[in-house]
Amino acid sequence: MSGLLLCSSRRSEKPFLVEKDMEIWSLEELCYYLYENVFNLTDDFFSPELLEYLEKDLELEKLAKDLFLCKEEGNSYAEMVIMVCETANYYSKEELLEFEEHLKSFSMLSHTKRLKLLGDTCMEKRLYAQALRKYEEILAYRRKEACEEEFIGRVYHNMGIAYAKMLLYKEAEEYLKKSYEMLPAIDSIKKELLLLYYLSGNEEKYKETALLCSKKEQIEAEEAWKAVQESACIEEGRIEAVVEKWKREYRYQMQGSEK
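In this report, the structure presented in the accompanying data block is examined. Because the structure is predicted, anything quoted here is derived from the model rather than measured.

Scoring rules and cut-offs
Residues numbered from 1 in each chain as written. Predicted model: local features only at pLDDT ≥ 70, side-chain atom pairs only at ≥ 80, totals over all residues. Heavy atoms only, no water. Helix = DSSP H or I, 4+ residues; strand = E, 2+ residues; numbered from the N terminus. Buried < 20%, exposed > 50% of the residue type's maximum accessible area, 1.4 Å probe, protein only. Contact = heavy atoms within 4.5 Å. Areas by Shrake-Rupley, 256 points an atom, 1.4 Å probe, with all protein chains shown as cover. Expected span 1.5 Å × (residues − 1). Arc of directions from axis to C-beta. Core = buried A, V, L, I, M, F, W, Y, C linked by side-chain atoms within 4.5 Å. Pairing = 2+ DSSP bridges. Phe/Tyr/Trp six-rings, centres within 6.5 Å; stacked < 30°, edge-to-face > 60°.

**Description of the overall build of the protein**
So, step 1. Helices and strands together make up the secondary structure of the protein, namely 13 helices and two strands.
So, step 2. Classification of the 259 residues of the protein by burial places 39% in the buried group.
So, step 3. If you take every contact in the protein between residues at least 6 apart in sequence, the share linking residues at least 24 apart comes to 51%.
So, step 4. With an accessible surface of roughly 15,500 Å², the protein has 50% of that area assigned to carbon and sulfur atoms.

**Quick word on helix 5 (residues 93-108)**
So, step 1. Taking 1.5 Å of rise per residue, 16 residues should cover 22 Å, and helix 5 covers 23 Å from first to last C-alpha, within 8% of that figure.
So, step 2. Of the positions making up helix 5, those classed as buried are Leu96, Phe99, Leu103 and Phe106. Down the axis, helix 5 shows its buried residues gathered within 85° of arc, on one side only. Exposed side chains of helix 5 directed beyond 90 degrees from the buried face belong to Lys93, Glu94, Leu97, Glu98 and Met108.
So, step 3. Contact partners of the buried residues in helix 5: helix 1 (27-37), helix 4 (77-88) and helix 6 (111-124).

**Remarks on the environment of Gly119**
So, step 1. Tracing the sequence through the fold places Gly119 in helix 6.
So, step 2. Residue classification places Gly119 among the buried positions, given a relative accessible area of 0%.
So, step 3. Between the alpha carbons of Gly119 and Leu132 there is a distance of 7.0 Å; along the sequence they are 13 residues apart.
So, step 4. Non-local contacts of Gly119, meaning those with residues more than four positions away in its chain, are made with Ala131, Lys134 and Tyr135.

**Remarks on the nonpolar core**
So, step 1. Of all hydrophobic cores here, the largest spans 34 residues; its most connected members are Leu34, Phe45, Phe46, Leu54, Leu67, Tyr77 and Val81.
So, step 2. When contributions to this core are tallied by element, the ones reaching two or more residues are strand 1 (11-19), helix 1, helix 2 (48-57), helix 3 (61-72), helix 4 and helix 5.
So, step 3. The leading source of residues in this core is helix 4, at eight residues.
So, step 4. The contacts of Leu34, once residues within four sequence positions are left out, are Leu41, Phe45, Phe46, Tyr77, Val81, Val84 and Phe99.
So, step 5. If you look at the next biggest cluster of nonpolar residues, it comprises 30 residues, including Cys122, Leu139, Leu193 and Tyr206.

**So, unusual backbone geometry**
So, step 1. A positive phi angle, close to 55°, is found at Glu59, a residue other than glycine.
So, step 2. For Glu59, the location among the structural elements is in the loop between helix 2 and helix 3.
So, step 3. Located in the positive-phi region is Arg126, a residue other than glycine, with phi close to 65°.
So, step 4. Residue placement: Arg126 occurs in the loop between helix 6 and helix 7 (128-141).

**Looking at the pairing of strand 2 (residues 22-26)**
So, step 1. With four bridges connecting them, strand 1 and strand 2 associate as antiparallel partners. Within strand 2, the position partnered with Leu17 by the bridge is Glu23.
So, step 2. Taking the residues that link successive antiparallel strands as the turn, the strand 1-strand 2 hairpin has two residues, and the phi of Asp21 there is positive, at about 65°.

**Examining helix 2**
So, step 1. Taken together, the buried positions of helix 2 are occupied by Leu50, Leu51, Tyr53, Leu54 and Asp57.
So, step 2. Tucked inside the fold, the buried residues of helix 2 contact strand 1, strand 2, helix 1 and helix 3.
So, step 3. With its phi angle positive at about 55°, Glu59 sits one or two positions after the end of helix 2.

**Re the packing of aromatic side chains**
So, step 1. Applying the stated criterion across every chain, the model contains ten aromatic pairs.
So, step 2. Judged by centre distance (5.3 Å) and plane angle (40°), the rings of Phe16 and Tyr53 are tilted. Of this pair, Phe16 sits in strand 1 while Tyr53 sits in helix 2, and the two are 37 residues apart along the sequence. Residues Phe16 and Tyr53 agree in their burial class; the two are buried.
So, step 3. Relative to Phe46, the ring of Phe45 lies with its centre 5.4 Å away and its plane at 85°, an arrangement referred to as edge-to-face.

**Re the environment of Phe151**
So, step 1. Inspection of the secondary structure puts Phe151 in helix 8 (residues 149-165).
So, step 2. Excluding residues that lie within four positions of it along the chain, Phe151 makes contacts with Thr112, Lys113, Lys116 and Ile138.

Here it is, written out as structure tokens:
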């Protein structure tokens, strides 16, 4: 793990691989990992291998036994996470109380709303490919779980933004248009479509969409593009520099999606 963690418990002589290219060596590192990634983990995270590692390599026999009993009794995943964090004593009581409230709120969400929260978290981290997989799971699952039209419209919107960030303009247009059809009252979607056509150089569709927007909205869309251009901080080749920046971000989030 990157960064510096102050560990007061035993440090193992060998690491435990919690995910691809991610190792833990101590109870504090496990606690930190859970705290930062808890919404992205599945219920089977506390595997027999992890419990054995806690018991034998970190010499945490009581914790391993308590976690095993929790699994046997069908206790919630949130309880097991809190149990680890309380044993590690790495976070303050106030931080753990707030963390526990987040866990409870998350556990009360429907399956599709959990998936959206996970997808939104990936979006914030610029892991667009991972976010898209979560949103696609929602669309595949919605036959089993009734979803409000507004909810699906927002999923489509985020998918459109994710595709746009990945420079896949055709797919971005498809989902932003679906979103606008379901959420016509949200003016920002029109401006995002304008900006998309501006970015992709599609003059015909830009003019068509502009008819749906006020002059103010058109100006705002063009100003947004100009701001993007200026963020490249060079006089010549601004567009190329912006595209190169997005490509770097795309490569970054694609690397994250392989984990």
